[in-house]
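Spelled out from the first residue to the last, the chains are:
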Amino acid sequence: MLVITALAAQAQQDPVLFSEGNQLYRQQQYREAAAKYQQLIDSGYQVADLYFNAGNAYLKSNQVGMAVYSFEKALHLKPGDAAAEQNLYLANQRVSNNIEALPLLFFERWWLQWQQLHSARGWAIGSIVWFWILCGGIISYFFMPGMRHTWLRWGLSVAGVLFIGYFSMAVWMQNKAYHNNTAIVMRAAVKVKAAPDEGSKDLFQVGEGIKVEVLDGTKDFSKVQLADGKTGWMPVGSLKKL
């Protein structure tokens with residue numbers, strides 16, 4: 001599926017490039033279409049639907065690593081999007097020797113679901129809304145004696161808790177967006193080393209499209225952790241951070 005209308009307004013400063021990408025996709029020239037979408041992304045457009053279109057083009061042209069990366073970025077910008085989740089699943093089916101993630105504990109699942117309740121923008125807007133509701137309630141309580149009912153005190157407590165919760169999540173999501181240590185492997189059959197040295201022992205091998213967590217790094221190597229808990233060192237050039 002190709003998203004057209006949702007992105008058109010975002011790409012109006014470069015409509016020719018966007019239209020060319022869509023046209024190439026319809027003509028089944030998927031590699032060329034992906035290149036057009038990537039030009040828009042590289043020029044600064046950070047739009048979920050653009051990454052979604054790029055992911056489709058990359059997947060159709062068998063560029064699995066970039067397809068996984070693009071769908072992950074789409075979900076990062078638009079959490080819970082069903083189409084992006086489905087296409088990410090399809091892309092991951094193309095990943096050779098994909099790693100099975102360790103099962104999440106119940107509180108980890110709860111925390112993940114809570115984060116996905118809103119986007120970073122949604123949490124920020126919610127915190128502003130609850131802040132003004134809280135301010136309105138405080139003004140009513142102190143300057144309108146007739147409003148000092150028990151229900152207002154309870155309402156202020158609820159508004160205060162919700163404001164703190166939304167504000168904390170907005171800060172958390174913003175920090176997560178700018179300090180994301182997740183990366184996608186972009187090369188086929190990358191050997192993971194025991195130390196950040198080309199001559200060190202090979203521990204195991206990972207394939208293109210596998211998602212890893214970057215723990216540490218040097219100029220030439222990154223220490224990564226796989227979904228199953230294994231760790232090792234990979235060349236920096238074999239990874240693309242989300």
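Please refer to the structure higher up on the page.
Residues numbered from 1 in each chain as written. Predicted model: local features only at pLDDT ≥ 70, side-chain atom pairs only at ≥ 80, totals over all residues. Heavy atoms only, no water.

A. Layout of the overall build of the chain. In terms of helices and strands, the chain carries nine helices and seven strands. Expressed as a percentage of its 242 residues, the buried residues of the chain come to 39%. When contacts within the chain are restricted to residue pairs at least 6 apart in sequence, long-range pairs at least 24 apart make up 55% of them. Just so you have it, the chain exposes about 14200 Å², and 58% of that area is on carbon and sulfur atoms. (Helix = DSSP H or I, 4+ residues; strand = E, 2+ residues; numbered from the N terminus. Buried < 20%, exposed > 50% of the residue type's maximum accessible area, 1.4 Å probe, protein only. Contact = heavy atoms within 4.5 Å. Areas by Shrake-Rupley, 256 points an atom, 1.4 Å probe, with all protein chains shown as cover.)

B. Here's a closer look at the pattern of salt bridges. A full pass over the atoms with the stated rule returns five salt bridges. Where Lys 193 meets Asp 202, a salt bridge forms, and the shortest distance between an N and an O atom there is 2.6 Å. Each of Asp 49, Lys 78 and Asp 81 takes part in a single network of salt bridges with overlapping partners. (Salt bridge = Lys/Arg side-chain N within 4 Å of Asp/Glu carboxyl O.)

C. Local environment of the packing of aromatic side chains. Under the counting rule described, the total for this entry stands at six aromatic pairs. Geometrically, the ring pair formed by Tyr 25 and Tyr 30 is edge-to-face, given 5.1 Å between the ring centres and 70° between the ring planes. Pair check on accessibility: Tyr 25 and Tyr 30 agree, each one buried. Over the face of the ring belonging to Phe 204 we find Lys 230, whose NZ or CZ atom lies 5.4 Å from the ring centre. Lying over the aromatic face of Tyr 69, Lys 240 brings its terminal NZ or CZ to 5.0 Å of the ring centre. (Phe/Tyr/Trp six-rings, centres within 6.5 Å; stacked < 30°, edge-to-face > 60°. Lys NZ or Arg CZ within 6 Å of the ring centre and 35° of its normal.)

D. Region of interest: the nonpolar core. Counting residues in each nonpolar core, the largest one holds 47 residues, and the members touching the most others are Tyr 37, Val 185, Val 206, Val 212, Met 234 and Leu 239. The greatest single-element share of this core, amounting to eight residues, is contributed by helix α5 (residues 64–77). Setting aside anything within four residues of it in sequence, one finds Val 185 in contact with Gly 65, Val 190, Val 206, Gly 207, Glu 208, Gly 209, Ile 210, Val 212, Met 234, Ser 238 and Leu 239. (Core = buried A, V, L, I, M, F, W, Y, C linked by side-chain atoms within 4.5 Å.)

E. Local environment of the packing of helix α3 (residues 30–42) against helix α4 (residues 48–60). Where α3 contacts α4, the axes come no closer than 8 Å and their chain directions differ by 150°. By the angle between their axes, α3 is roughly antiparallel relative to α4. Between α3 and α4 the crossing geometry is left-handed. Residue-level inspection shows Tyr 30, Ala 33, Ala 34, Tyr 37, Gln 38, Leu 40 and Ile 41 of α3 in contact with α4, the latter providing Leu 50, Tyr 51, Asn 53, Ala 54, Ala 57, Tyr 58 and Lys 60. Among the residues forming the contact of α3 with α4, the class breakdown is eleven nonpolar, two polar and one charged. (Axes fitted to C-alpha atoms, helices over the stretch in contact; angles between N-to-C directions. Parallel < 35°, antiparallel > 145°, perpendicular 65-115°, else oblique. Left-handed = near helix turned anticlockwise from the far one by under 90°. Nonpolar A, V, L, I, M, F, W, Y, C, P; charged D, E, K, R; others polar.)

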